[in-house]
Amino acid sequence: MTENASAAEPLAADSAIAVVGMSGRFPGAPDLAAYWENLLGGLCSVTDFTEAELIADGADPQEVRGRDHVPAKGHLADADRFDAELFGFNRTEAAALDPQHRLLLQTAWSALEDAGRSPLGGSARTGVYVGGGPTEHMLAAQTDPRLAASIGALQVRILTDREFLAPWVSYRLGLEGPSLTVQTACSTSLTAVHLAVQSLLLGECDTALAGGVAVDTVRKRGYVHQQGGIYSPDGRCRPFDERAGGTVPGNGVGVVVLRRLSDAIADNDPIRAVVRGSAVTNDGATKVGFTAPGVDQQTAAIVEAWAAAGLDPADAQYLEAHGTATALGDRIEAAAATAAFKGALGTGRIGIGSVKSNIGHLDAAAGVAALIKSVLMLEHATLVPNADVGRPHPELGFDDSPFHLVGRATAWPEPEHGPRRSGVSSVGIGGTNVHVVLEEAPRRGGAGRPEAEDAPEVLLLSARTREALAEVAGRLAGALRAPGAPSLADTAHTLCVGRAPLAVRGYVRAGSRAEAAELLAELASGGAAGLGGPDPLGEAWLAGGQVVREGAGRRVALPTYPFAGESHGAYRLVPFAPGAPGTPGTPGGEQPEQGGRPADLERDVRALIAEALGLEDADDPEMTYFAAGGDSLTAVHLVGCLRDDFDLDVPITLFLEQLTLHEMARRIVAAQDGDDSLDALLSEFEAE
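Residues numbered from 1 in each chain as written. Predicted model: local features only at pLDDT ≥ 70, side-chain atom pairs only at ≥ 80, totals over all residues. Heavy atoms only, no water.

Q: Requested: an account of the overall build of the protein chain, with residues and values cited.
A: Secondary structure summary: the protein chain contains 23 helices and 22 strands in total. When the accessible surface of the protein chain is split by element, carbon and sulfur atoms take 52% of a total near 27600 Å². (Helix = DSSP H or I, 4+ residues; strand = E, 2+ residues; numbered from the N terminus. Areas by Shrake-Rupley, 256 points an atom, 1.4 Å probe, with all protein chains shown as cover.)

Spelled out as structure tokens, the structure:
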């Protein structure tokens with residue numbers, strides 16, 4: 001402990017930020033419960049592929065059979081699945097939408113639900129700070145002329161480019177705070193957390209989503225090891241270990257929900273941890289090369305973050321390091337951290353580790369994966385080990401440092417002064433260094449309180465489909481049976497204020513957790529939509545109304561929505577062959593025969609609209625343009641296609657009316673006035 005005894009300083013609720021919700025998908029872990037179990041067990045979730053698996057998934061056989069090819073990666077299973085209808089995308093848009101966008105939308109939804117907040121427009125002053133990496137899908141889609149001809153080049157860019165990651169989340173979830181796509185290479189997602197923290201402290205928003213996603217490809221892929229490069233020769237990442245030889249690429253996505261601590265306490269939010277301070281620096285020119293890290297500014301980022309927290313780095317008990325397991329990276333990071341944590345020099349009492357040993361290097365999502373790991377450790381008061389850990393590398397000087405390499409899961413003892421605290425570091429190629437100071441959540445009364453007698457509650461459930469509703473009910477039944485389950489009143493309150501009201505609904509009325517779990521299990525097995533006796537609130541809910549539950553309650557963490565979307569595939573790059581057709585295996589159908597004036601022009605216009613909207617056909621006489629997923633950008637594309645392919649000048653305003661597709665096609669064929677055509681619209685855009 002330092003002489004200033006800063007660890008004993010009370011928590012300043014007006015300058016601290018609460019982590020109130022989290023969600024993520026990582027290699028070997030479809031949710032955070034599985035992620036924690038893997039971390040606790042010290043598991044390495046990097047996948048080793050067979051040659052047959054890689055070639056069957058489109059890898060180049062010559063590369064796969066090369067001497068330096070390593071068939072390993074932190075693979076994210078089912079990364080191409082997406083619940084498109086839930087987010088208002090038609091099939092054509094969903095197929096073109098980059099898998100990173102798909103995953104981030106679903107993860108943001110789940111993170112808000114984990115925070116007990118409705119994911120659809122329930123938090124208007126909510127900021128979004130996220131980033132992603134380059135993807136094979138984006139590059140292939142943006143260079144496919146067939147896709148551009150089908151939905152428009154601008155639409156392709158908007159659906160695939162990573163610069164639109166944040167705006168899509170804000171738009172589809174109705175969030176009206178700042179919306180920033182952040183790019184600082186490997187430190188992207190932790191930089192996003194820092195910016196979100198600053199935005200909250202400045203009052204720019206009241207809630208913030210922060211995180212990142214990295215899915216360079218949804219396919220099984222290995223990598224080529226190069227002597228002296230950053231990648232491991234054996235497909236394993238061993239940060240700070242004597243066997244360290246480099247990192248392993250990986251895919252994943254993570255989002256945290258942040259609020260000012262004072263607001264979180266006042267609103268009874270489920271506080272999972274507290275951000276006490278954060279800082280960002282850049283190495284500038286004080287390093288040997290652009291891609292190399294630097295000691296001085298890594299040290300500065302740590303010191304400045306702890307100073308912002310009003311603490312000393314020596315007050316930490318754990319450091320979650322960037323930890324790439326490269327010779328240069330580990331040596332520089334160890335030197336920088338040792339200099340920053342010098343108040344504990346020679347004690348070896350601060351644990352150090354890196355989640356890259358478990359899941360590989362997640363690029364733009366690496367920082368948020370590390371942050372979520374640290375929050376989970378604080379919640380469980382447990383330090384988890386590096387996977388496959390051995391002895392520290394002798395060149396790092398850990399024998400006379402503040403650190404010890406965590407080699408097994410151990411209880412995190414409560415410090416003599418102050419709460420448990422950790423630091424999280426992230427370093428990006430190009431020199432952007434980030435450090436975040438975390439502290440365990442403040443103790444609050446009421447957790448695990450007994451049920452009130454004779455206090456029946458109505459639990460309101462909804463989903464997009466009956467199958468999803470059954471899974472929602474089953475998951476909630478399991479949560480209410482688990483040790484430390486929330487009270488029935490808090491569960492009812494969270495379901496009422498913290499879930500989006502969807503079309504397929506059900507409810508149960510119960511007087512205890514045990515009774516509620518039994519009725520929920522019955523609902524999950526196909527029971528009636530209303531169980532436990534008729535209830536006016538429940539019946540109003542079944543009728544599709546907006547209901548308000550009487551009585552107070554706390555927001556608590558409950559199982560989140562069970563996304564069950566189908567596979568929408570992903571575009572991929574293939575070697576160019578003159579005369580060959582477009583990218584094989586890509587989504588989308590053939591272009592309809594167009595040009596000239598076919599005998600049934602109205603039919604062909606409907607076919608064009610159906611293709612742009614991803615419909616198998618446009619024969620449903622009741623289907624409207626907006627119900628089929630149409631929007632203004634698709635309208636701009638259709639106006640251009642109608643003019644170029646059918647020589648029809650159609651007013652753009654026609655697509656803003658509530659028309660069935662049949663009526664729209666009739667009106668398009670009859671339209672003669674081009675005053676409000678695409679040219680006029682583009683001229684207006686240019687004038688603005």
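Still more to cover.
Q: Lay out the side chain of Asp-80 in plain terms, naming residues and giving numbers.
A: By the secondary structure assignment, Asp-80 is in the loop between strand E4 (72-73) and strand E5 (81-82). It is Arg-81 that comes nearest to the buried, bridge-free Asp-80 among opposite-charge side chains, at 5.1 Å. (Buried < 20%, exposed > 50% of the residue type's maximum accessible area, 1.4 Å probe, protein only. Lys, Arg positive; Asp, Glu negative; His and termini not counted. Salt bridge = Lys/Arg side-chain N within 4 Å of Asp/Glu carboxyl O.)

Q: Quick rundown of unusual backbone geometry? Include the residues and the values.
A: Among all residues except glycine, the phi angle is most often negative; among peptide bonds, the trans geometry is most common. For Ala-185, which is not glycine, the phi torsion reads 60° and is therefore positive. For Ala-185, the location among the structural elements is in the loop between strand E7 (179-181) and helix H10 (188-201). Exposure remark for Ala-185: the relative accessible area of 31% places this residue in the partly exposed category. In the Ramachandran plot, Asp-388 falls in the positive-phi region, its phi being about 55° despite a non-glycine side chain. You can see Asp-388 is positioned in the loop between strand E14 (382-383) and strand E15 (403-405). On the accessibility criterion, Asp-388 (40% relative accessible area) is partly exposed.

Q: Describe empty space enclosed by the protein, listing the residues and the values that go with them.
A: A complete count under the given rule lists four cavities of 30 Å³ or more for this structure. Of the voids in this model, the largest cavity is the one considered here, and its volume is about 170 Å³. Taken together, 16 residues form the lining of the largest cavity, with Ser-462, Val-472, Leu-495, Arg-499 and Pro-559 sitting closest to its centre. For the lining of the largest cavity, the secondary-structure elements that each account for two or more residues are strand E19 (457-463) and helix H16 (466-481). Split by residue class, the lining of the largest cavity holds eleven nonpolar, two polar and three charged. Estimated volume of the second largest cavity: approximately 80 Å³. Gln-298, Ile-302, Glu-333, Ser-425 and Val-427 are the residues nearest the centre of the second largest cavity, which is lined by 14 residues in total. At the level of elements, helix H12 (295-308), helix H13 (327-340), strand E17 (421-427) and strand E18 (432-440) are the ones that each hand at least two residues to the lining of the second largest cavity. Among the residues forming the lining of the second largest cavity, the class breakdown is eight nonpolar, five polar and one charged. (1 Å grid on protein atoms, 1.4 Å probe; cavity = no way out; pocket = protein on both sides within 12 Å on 5 of 7 lines; lining within 4 Å. Points joined across faces, edges and corners; volume = space filled by probe spheres on them. Nonpolar A, V, L, I, M, F, W, Y, C, P; charged D, E, K, R; others polar.)

Q: Give me the lowdown on H10, citing residues and values where you can.
A: Between its first and last C-alpha, H10 extends 20 Å over 14 residues, near the 20 Å set by a 1.5 Å rise per residue. With eleven of 14 residues buried, H10 is to be regarded as a mostly interior element. Three or more residues of H10 are buried, namely Thr-188, Ser-189, Leu-190, Thr-191, Ala-192, Val-193, His-194, Ala-196, Val-197, Ser-199 and Leu-200. (Expected span 1.5 Å × (residues − 1).)

Q: Which residues make up the pairing of strand E6 (residues 126-132), and what are the values?
A: Within E6, seven of the seven residues are buried, which leaves the element mostly enclosed by the surrounding structure. Burial of E6 is two-sided: the residues Thr-126, Val-128, Val-130 and Gly-132 facing one way and the residues Gly-127, Tyr-129 and Gly-131 facing the other way are all buried. Judged from the seven bridges that link them, E6 and strand E8 (residues 207-214) form a sheet pairing that is parallel. Each residue of the ladder has a partner; that of Thr-126, found in E8, is Thr-207. (Pairing = 2+ DSSP bridges.)

Q: So, the pattern of salt bridges: which residues are in play, and what are the values?
A: For side chains bearing opposite charge, pairing can occur when the charged atoms are close. Taken as a whole, this structure holds 42 salt bridges when the rule is applied. A salt bridge links Arg-236 to Asp-48; the nearest nitrogen and oxygen atoms lie 2.6 Å apart. Taken together, the residues span a long stretch of sequence, with Arg-236 in the loop between strand E9 (223-224) and strand E10 (252-260) and Asp-48 in strand E2 (residues 47-48) at a distance of 188 residues. Residue Asp-48 is classed as partly exposed on the basis of its relative accessible area of 48%. A salt bridge links Asp-263 to Arg-260; the nearest nitrogen and oxygen atoms lie 3.1 Å apart. A relative accessible area of 16% means that Arg-260 is categorised as buried. In the salt-bridge network here, residues are joined through shared partners; they are Arg-117, Arg-259, Asp-267, Asp-269 and Arg-555.

Q: Break down the environment of Ser-232 for me, with residues and values.
A: The topology assignment puts Ser-232 in the loop between E9 and E10. We classify Ser-232 as buried; its relative accessible area is 1%. Sequence-distant contacts of Ser-232, that is, excluding residues within four places in its chain, are made with Val-70, Tyr-223, His-225, Gly-245, Gly-246, Thr-247 and Val-248. Only 3.5 Å separates the side chain of Ser-232 from the backbone nitrogen of Gly-235, close enough to count as a polar contact. (Contact = heavy atoms within 4.5 Å. Polar contact = N/O pair within 3.5 Å; in protein donor to acceptor, adjacent residues only side chain to side chain.)

Q: Could you give an account of the sheet that holds E15, with specific residues and numbers?
A: Taken together, eleven strands build an open sheet; the order of strands is E7-E6-E8-E10-E1-E11-E18-E17-E12-E13-E15 and the sheet is mixed. One side of each edge strand has no neighbouring strand; the edge strands of this open sheet are E7 and E15. Taken pair by pair, the neighbouring strands of this sheet meet at an average axis angle of 25°, ignoring direction. Across the sheet, H12 touches strand E11 (273-282), E17 and E18, and the angle it forms with E11 is around 145°. (Axes fitted to C-alpha atoms, helices over the stretch in contact; angles between N-to-C directions.)

Q: Go over the packing of helix H20 (residues 601-613) against helix H22 (residues 661-670), please, and point to the residues and values.
A: Relative orientation of the contacting elements H20 and H22 amounts to 125°, with a least axis distance of 9 Å. The angle between H20 and H22 places the two elements in the oblique class. Our pair here, H20 against H22, has a crossing hand that is right-handed. Where H20 abuts H22, its residues Leu-601, Glu-602, Val-605, Arg-606, Ile-609 and Leu-613 lie against Leu-661, His-662, Met-664, Ala-665, Arg-666, Ile-668 and Val-669. The class makeup of the residues in the contact of H20 with H22 is nine nonpolar, one polar and three charged. (Parallel < 35°, antiparallel > 145°, perpendicular 65-115°, else oblique. Left-handed = near helix turned anticlockwise from the far one by under 90°.)

Q: I'd like a rundown of the side chain of Lys-356, residues and numbers included.
A: Take Lys-356: it is sitting in helix H14 (residues 356-359). The charged side chain of Lys-356 is buried without a salt bridge, its nearest counter-charge being Glu-320 at 6.7 Å. Sequence-distant contacts of Lys-356, defined by excluding residues within four places in its chain, comprise Cys-237, Thr-247, His-322, Gly-323, Thr-324, His-361 and Ala-366.

Q: Account for the packing of helix H5 (residues 99-114) against helix H9 (residues 165-173), with residues named and values stated.
A: In contact at an axis separation of 10 Å, H5 and H9 are set at 50° when each is read in the N-to-C sense. Here H9 runs oblique to H5, going by the angle between their axes. Crossing of H5 over H9 shows right-handed handedness. Contacts between H5 and H9 involve Gln-100, His-101, Leu-104, Leu-105, Ala-108, Trp-109 and Leu-112 from the former and Leu-165, Trp-168, Val-169, Arg-172 and Leu-173 from the latter.

Q: Residue-level account of the environment of Ser-525, with values.
A: On the secondary structure map, Ser-525 appears in the loop between helix H18 (513-524) and strand E21 (530-531). Along the chain, Ser-525 and Gly-474 lie 51 residues apart, while their C-alpha atoms are 8.3 Å from each other. A distance of 3.0 Å separates the side chain of Ser-525 from the backbone oxygen of Ala-521, its partner in a polar contact.

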